[in-house]
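Examination of the molecular architecture
Next come the chains, spelled out residue by residue.
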Protein chains: 2
Amino acid sequence: MIQLKDIKKPEDIRGLSDDELRNLAEQMREAMLKWVSTIGGHVGPNLGVVEATLAMYQVFDASKDKIVWDVSHQDVAYKMLTGRVDAFLDPKLYRSISEYTFPPEAPEYDLFYAGHTSPSITLATGLAKARDLKGEKYNVVAFIGDGSLSGGVAFEGLDAAGALGTNLIVIVNDNQMAIAEDHGALYDNLRQLRETNGTADDNYFRSLGFDYLYVKEGNNLDAVRQALAKAKDSPKPIVVHIDTQKGQGYVPAERNREEFHYMPPFDLANGLPAENSDAPDYDTLTGKIAMEMIEKDPLTLVVTAATPGAFCFDEATRKRAGKQYMDVGIAEQCGVSVSAAAAKGGAKPIFVVESTFLQRALDQLIEDLSLDCLPATLLVQGTGVYGIPDVTHLGFWDEVQLSHIPNLLYLAPTSAEEYRAMVDWAHQQQNVPVAIRVPGGPYHETLVPVEPNFDSKWQTVQKGSEVALIAMGNMLAVALEAAKLLKDQGINATVINPRFISGVDEAALLALEADHKAIVTLEDSSLSGGFGEKVARLAGPTSMRVKCLGLDKKFIDRYNVDDVLKQCNLTPEGVAATAQELLK
Amino acid sequence: MIQLKDIKKPEDIRGLSDDELRNLAEQMREAMLKWVSTIGGHVGPNLGVVEATLAMYQVFDASKDKIVWDVSHQDVAYKMLTGRVDAFLDPKLYRSISEYTFPPEAPEYDLFYAGHTSPSITLATGLAKARDLKGEKYNVVAFIGDGSLSGGVAFEGLDAAGALGTNLIVIVNDNQMAIAEDHGALYDNLRQLRETNGTADDNYFRSLGFDYLYVKEGNNLDAVRQALAKAKDSPKPIVVHIDTQKGQGYVPAERNREEFHYMPPFDLANGLPAENSDAPDYDTLTGKIAMEMIEKDPLTLVVTAATPGAFCFDEATRKRAGKQYMDVGIAEQCGVSVSAAAAKGGAKPIFVVESTFLQRALDQLIEDLSLDCLPATLLVQGTGVYGIPDVTHLGFWDEVQLSHIPNLLYLAPTSAEEYRAMVDWAHQQQNVPVAIRVPGGPYHETLVPVEPNFDSKWQTVQKGSEVALIAMGNMLAVALEAAKLLKDQGINATVINPRFISGVDEAALLALEADHKAIVTLEDSSLSGGFGEKVARLAGPTSMRVKCLGLDKKFIDRYNVDDVLKQCNLTPEGVAATAQELLK
């Protein structure tokens, strides 16, 4: 029998018998489970596509055909087959590898970084177009989950690929789940297709010019292989729709498909998380606040774009929320636009969304929400350095998305208490759209007293002279510590909580000139396009010197938050040293 | 017979006979044509939906039912029926009214500003959700053109509305055209539906959970009215698909449907533009450059998202470009993603796109293009104050979209010669994605000599002392004039062309401190999030005072470019005065 460790490249599986492949699939699942239970990661999606991945590499020629993975929540079997199996077999190497497709790891196989959902079909279309232009011949394959089909760009890809009319194979891995359950009428169509063995009237894919094959047993290697063999070298676009079992082969993951989409380290024996923390955190608080708003006001509408788990809206909570909860699918454009219009219609929407995904909806933020100046509330999670620390999911550009749009107010609370107060205020007012930067990092119930008028006035937390530390959101705690260090050096720093970061309290800023020589701004997001730059611009004509601290303009991967903050001088010591240097 | 001028509100047409309505439609077309031929505007789409609009307001109750217009290229008939007919009858009032839906004009009817394509269905979904939450009963109607269906957010809306499952009526105005011809496999489906009188297999709308009615004669008032009457009060989402004639009733518009989508002022007698200018301009140049690149290199791929006219790629030119031209439909996400992947596949894509529409593709700019660092070239038109001067189409945020993303280089040429050189360089290099800010405003063949290394070094156009004027793109000419004025005052200003605006030449900036006390930055885009702020941040710790000139953070409508520039001090006099003030 072949050993998993001996698979060095996809070609190594081409001659294997079905018995050997079944045995190999078992080894792959075993390795997957050891790996993921040790360091955490995507469980269900990866377990579900072992057979499909093996089938794919038996049919297609990895040295020539191009395979584009969507979102990479299901790429571990693929990584095992493309020269990276050691990383999943040796616990010492577990952390050496990205969970996402990652071109530097295997440039000949990983064509793109894929972390966000839904781009695989447009990317495949671009590859196919380049192939056709060059007169080359090979298969272009996109592998996409059912959940990812709800993103508008996936539709745009189908529409463009269908029009291109040449070889392009879309494998739809239908495990009947996004992260949580699927939402969208498209999923009724997929269900009808499953229930009719692919023969239902009104086939979404056929309506977009694709040929179509259905595979009922998507975890049956031979069945998938036969369908892919039929699709291979197709002269026109074709969808191979396979019905797979999320979590296949591990009972806890088959039973709790939502929980086991992504798991922190867990006990393989019983599927329970290795650590259970009762410590308060801002994401749990976000879910609590959202539920309180629902209970308090029947017009509250909590909107998500398929990430209810990120704010702890589990199945029971969603049920309790009933009609006041709306999941629009992985479709942030729709999330913003629906929220804007629901506000217009007299509801009070709260759209809870991750910064890294909100970047899909800049047009709707400008045109639908802010130009119409509709009073929806956005709770933006995973902002700045405290977002998801993977290069494909950075949250560094929350200010770039939200701070420069007229009418839109962007608030940055510094503690749980201030966060609650801001949500409360945003939800009650009916004048402007408000986005609130959900705090990250260490949890503070109260950091400084909550003062009103946080939509227009800076809060002077500590009045000093010589140097002012203006620190937004999560960074206020750092500024307060820095001020203590400066005090030890005989410098009595002013500390300011700006509260709103879509503008500047110009009167407060200019008043500083009377007794301050320097300003240090602190933000844990991108310096370029951030809050500090607005302060620097407005202080530019004054005599004050300004130094902005924040994140450098670069893509970083699997980073340690403290290391990054240290490199940017966003530590009490770093801030104090910056202030002293500026005062010299 | 009823007179058009007597229609004050939609209810005024409800009791009219069909003869009266036909007569009214004639009056409407006549007024439309006088208005549009005098001041320019959307011709074909407006002429095509006169009957459908009349039918809609006969069937629906405008005081209760909510109608959401998509993109507003077809809303003139609607405006005439909703209290604004005078503006289309009295030439003195022609310019008093927006061409787009505009809530301040008629708050009870115009629910949203609609200028970008494709949001009507998500907006309608939000309204329907709010209605259901409040337990109210009325019809929610979205009126959308076939072209707009290619935007991903339109799909997201259908998907969400289908899942909502309650009353929502989508009228698909199928005139078989976007601005130019439609692109996308969806349009084959629409064609099949037209050819089978709505009975084709694989109905795109039905696959998304909608009921469906087809109206072959979309310019037959009674036929449309009957279908809408059937759809009215539908307890679930329904599409009414009407086949209309773009340009109906005006022969030149019926014959030249692309040209007459939007026309500058023209002679009603023959349909010829009132003025024909041979003066060179940057958009015409863009088309020329694109064609040159196609002819020079068989791997060049010119991509557009349905706006070939914006760079003068007319039908003949597109035919000549053949396979090297790709229109992805109104789908900018697809445009960026396809361009990125085509570069990966070895083609040399040039995506020509309007700034105001590129804001739909921020996610793809970050995740697909820049993270993967793929050498596609973007030519960004309509940036800053020289973009489309309508509040729904502002191009002020080009820097916000493009300047803060790692790896992506954003260049701002100052003249035709420099523009050509930058495109040439971008197209040849294979290292990074490059966006080029197509110049606007007065045309300069050469303003300053083109120097190499525009991706990393500022160009000192004029070396002086005391004050440095750093002026990007279109604003360099203003800075040069300002420097002359300053010279008259005895101030010998330095003038710098930064050329790349996604970063700062820090060495050059810091070197200024030796003999400069002040810096003035000039940009014709949003100050907030712009180039000047980066300069202000990096100069912050120095002794130099900095003043940034650029556009204020606000939505402005139907503006005059010179007025706006004057208000921002972006005139030679304003810049000179700013510099003098700063030096005091």
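Before reading on, note that the structure itself is shown above.
In this report, we go over the structure that sits alongside the text.

What counts, and where the lines are drawn
Residues numbered from 1 in each chain as written. Chains lettered and ligands numbered in written order. Predicted model: local features only at pLDDT ≥ 70, side-chain atom pairs only at ≥ 80, totals over all residues. Heavy atoms only, no water. Helix = DSSP H or I, 4+ residues; strand = E, 2+ residues; numbered from the N terminus. Rg over C-alpha atoms; globule rule 2.2 N^0.38 Å. Buried < 20%, exposed > 50% of the residue type's maximum accessible area, 1.4 Å probe, protein only. Contact = heavy atoms within 4.5 Å. Areas by Shrake-Rupley, 256 points an atom, 1.4 Å probe, with all protein chains shown as cover. Lys, Arg positive; Asp, Glu negative; His and termini not counted. Charge placed at Lys NZ, Arg CZ, Asp CG, Glu CD. Salt bridge = Lys/Arg side-chain N within 4 Å of Asp/Glu carboxyl O. Least-squares fit on C-alpha atoms with pLDDT ≥ 70 in both. Expected span 1.5 Å × (residues − 1). Buried area = accessible area lost by both parts, 1.4 Å probe. Polar contact = N/O pair within 3.5 Å; in protein donor to acceptor, adjacent residues only side chain to side chain. Nonpolar A, V, L, I, M, F, W, Y, C, P; charged D, E, K, R; others polar. Pairing = 2+ DSSP bridges. Right-handed = clockwise from strand over helix to strand, strands pointing away.

Overview of the overall build of chain A
Counting secondary structure elements, chain A contains 23 helices and 18 strands. For chain A, whose C-alpha radius of gyration is 26 Å, the value lies close to the compact-globule estimate of 25 Å for 584 residues. Along the first, second and third principal axes, the C-alpha set of chain A runs to 80 × 55 × 55 Å. The buried share of chain A, reckoned over its 584 residues, is 67%. Looking at chain A alone, contacts between residues at least 24 apart form 76% of all its contacts between residues at least 6 apart. When the accessible surface of chain A is split by element, carbon and sulfur atoms take 48% of a total near 18800 Å². Each charge class in chain A was averaged separately, 54 positive and 81 negative side chains, and the resulting centres sit 3 Å apart.

Remarks on the pattern of salt bridges
Under the counting rule described, the total for this entry stands at 68 salt bridges over all chains. Arg537 of chain B serves as the salt-bridge partner of Glu533 of chain A, at 2.7 Å between the closest nitrogen and oxygen. You can see Glu533 of chain A sitting in helix H21 (residues 531–539) and its partner Arg537 of chain B sitting in helix H21 (residues 531–539), one on each of two chains. Across this residue pair, the class does not change: Glu533 of chain A and Arg537 of chain B are buried. Through salt bridges with shared partners, one network takes in Lys79, Arg84, Glu105 and Asp110 of chain A.

Some points on the relation of the copies chain B and chain A
Structural alignment of chain B on chain A gives an RMSD of 0.0 Å, achieved by rotating through 180° and translating 0.0 Å along the axis. Those values place the two copies in the arrangement expected of a two-fold rotation axis. Interface residue correspondence from chain B to chain A reaches 100%, placing this contact among same-surface, isologous pairings.

Description of helix H19 (residues 476–488) of chain A
Residues and elements named next belong to chain A. Its 13 residues give H19 an end-to-end C-alpha distance of 19 Å, which sits within 8% of 18 Å, the value for a rise of 1.5 Å per residue. Turning to H19, its buried residues number three or more, namely Leu476, Ala477, Val478, Ala479, Leu480, Ala482, Ala483 and Leu486. Lining the buried residues of H19 we find strand E14 (459–462), strand E15 (466–471), strand E16 (494–497), strand E17 (516–526) and helix H23 (572–583). Phi turns positive, to about 85°, at Gly490, one or two residues after H19.

So, the interface of chain B and chain A
With 104 residues of chain B in contact, the opposing surface of chain A contributes 105 residues. In total, about 8800 Å² of surface goes out of reach between chain B and chain A, with carbon and sulfur atoms giving 63% of it. The interface formed by chain B and chain A contains 4 salt bridges. Here chain B is connected to chain A by 42 residue pairs in polar contact (both at pLDDT 80 or more). With 10 residues, helix H6 (residues 120–134) of chain B is the largest single contributor of residues to the side of chain B that touches chain A. Residues of the side of chain B that touches chain A, tallied by class, amount to 46 nonpolar, 35 polar and 23 charged.

A look at the pairing of strand E8 (residues 300–304) of chain B
Residue and element names in this part refer to chain B. Where burial is concerned, most of E8 is hidden: 5 out of the 5 residues are buried. Residues Thr300, Val302 and Thr304 line one face of E8 and the alternating positions Leu301 and Val303 line the opposite face, and both faces are buried. When E8 meets strand E10 (residues 348–354), the two strands line up parallel, connected through 5 bridges. In the sheet register, Thr300 faces E10, and the bridge partner there is Lys348. For E8 and strand E9 (residues 325–327), the ladder comprises 3 bridges, and the chain directions are parallel. Residue pairing for E9: Val303 is matched across the bridge by Met326. The β-α-β motif built from E8, the intervening helix H13 (residues 315–321) and the parallel element E9 has right-handed crossover chirality.

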